Amino acid sequence: MARELAVIGAGLMGSGIAQVAAQAGWRVTVVDTTEEALRRGIEGVQASWARFVEKGKLAEGEAAAALERITTSTELDAVADADIVVEAVFEQVEVKRELFRTLDGLVKDTTVLASNTSAIPITKLAAATRHPERVVGTHFFSPVPLMSLCELVRGLRTSDETLATAREFAESTGKTCIVVERDVAGFVTTRLISALVVEAVKLYEAGVASAEDIDLACKLGFGHAMGPLATADLTGVDILSHATENIYAESRDEKFAPPELMRRMVDAGDFGRKTGRGFYRY
């Protein structure tokens, strides 16, 4: 099995994917545009491992060995030897398409190109490459080291071999996979959570109930581990807003149109936990 991974983007998702892959024995190259972004990403990985070590879930030697398997670069051509490349950059279709177009000229013809997108159809990204059959969706969940699901997405031309390689990779990092056989915007999980979050925001916006009570209703009434508004804060109100906009643009289904309150929160920079304020204060 391939063991050389490149991750594009050292943010929360990219660094998390790098972390679980390195811990599973993969040699990982993390690429971002600045040394500062790479430093923050690696520091986040180290802090996460330190917590695991403190809780007795990981041996200190294992964490040190995994860290040695991670290298960083600000040059995109550092992906040249990768067997799998996972992009985890800004959730904007043209940004991702341009990245895939560039990667297509840098990687081996056998390299699998994977996207961590939560909503953009894989076929749109694959169309920017010469080998759309080698493009697949690998949608990990945040925080990657703690969440056990990976949503695999088959684009219109994704080959069985590519899907199998993506599954082997995700499962090697300890994830359980579901397969999205039809490449619809938002796939399975993002469509479900987006519909719930949008309705929860509308209820909150209309003054029907408090954020706390809406979330409590979902936790106690439906057995959810976390309510939809707390989930939005954890994921990032901005991230979910972009996701719902992408789904709405593709489907024209009104239930995915971001409510005005969500759009204004994005304008104000109230993204949730990462900014200290969203539907709750942190």
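Data block above holds the structure.
Presented here is an overview of the structure given in this document. (Residues numbered from 1 in each chain as written. Predicted model: local features only at pLDDT ≥ 70, side-chain atom pairs only at ≥ 80, totals over all residues. Heavy atoms only, no water.)

1. Observations concerning unusual backbone geometry
Okay, step 1: Cis geometry marks the peptide bond from Ser 142 to Pro 143; its omega dihedral reads -5°.
Okay, step 2: Of note, Pro 143 is situated in the loop between strand 6 (135-140) and strand 7 (149-154).
Okay, step 3: Positive phi values are uncommon outside glycine, yet Phe 187 reaches one of about 55°.
Okay, step 4: With respect to the helices and strands, Phe 187 occurs in the loop between strand 8 (176-180) and helix 7 (189-205). (Helix = DSSP H or I, 4+ residues; strand = E, 2+ residues; numbered from the N terminus.)

2. A word on the pattern of salt bridges
Okay, step 1: The full count for this structure, using the stated rule, is 18 salt bridges.
Okay, step 2: Put simply, Asp 160 and Arg 154 hold a salt bridge, and the shortest N to O gap is 3.0 Å.
Okay, step 3: Here Glu 171 ties to Arg 167 by a salt bridge, and the two come within 3.3 Å at their closest N and O atoms. With Glu 171 and Arg 167 both in helix 6 (residues 160-172), this residue pair falls four residues apart, about one helical turn.
Okay, step 4: One salt-bridge network, held together by shared partners, links Glu 36, Arg 39, Arg 40 and Glu 43. (Salt bridge = Lys/Arg side-chain N within 4 Å of Asp/Glu carboxyl O.)

3. Remarks on the environment of Leu 58
Okay, step 1: As for its placement among the helices and strands, Leu 58 is situated in the loop between helix 2 (35-54) and helix 3 (60-68).
Okay, step 2: For Leu 58, a relative accessible area of 8% puts it in the buried group.
Okay, step 3: As for Leu 58 and Leu 106, which are separated by 48 residues in sequence, their C-alpha atoms are 36 Å apart.
Okay, step 4: The contact partners of Leu 58, leaving out residues within four places of it in the chain, are Gln 23, Trp 49, Phe 52, Val 53 and Ala 63. (Buried < 20%, exposed > 50% of the residue type's maximum accessible area, 1.4 Å probe, protein only. Contact = heavy atoms within 4.5 Å.)

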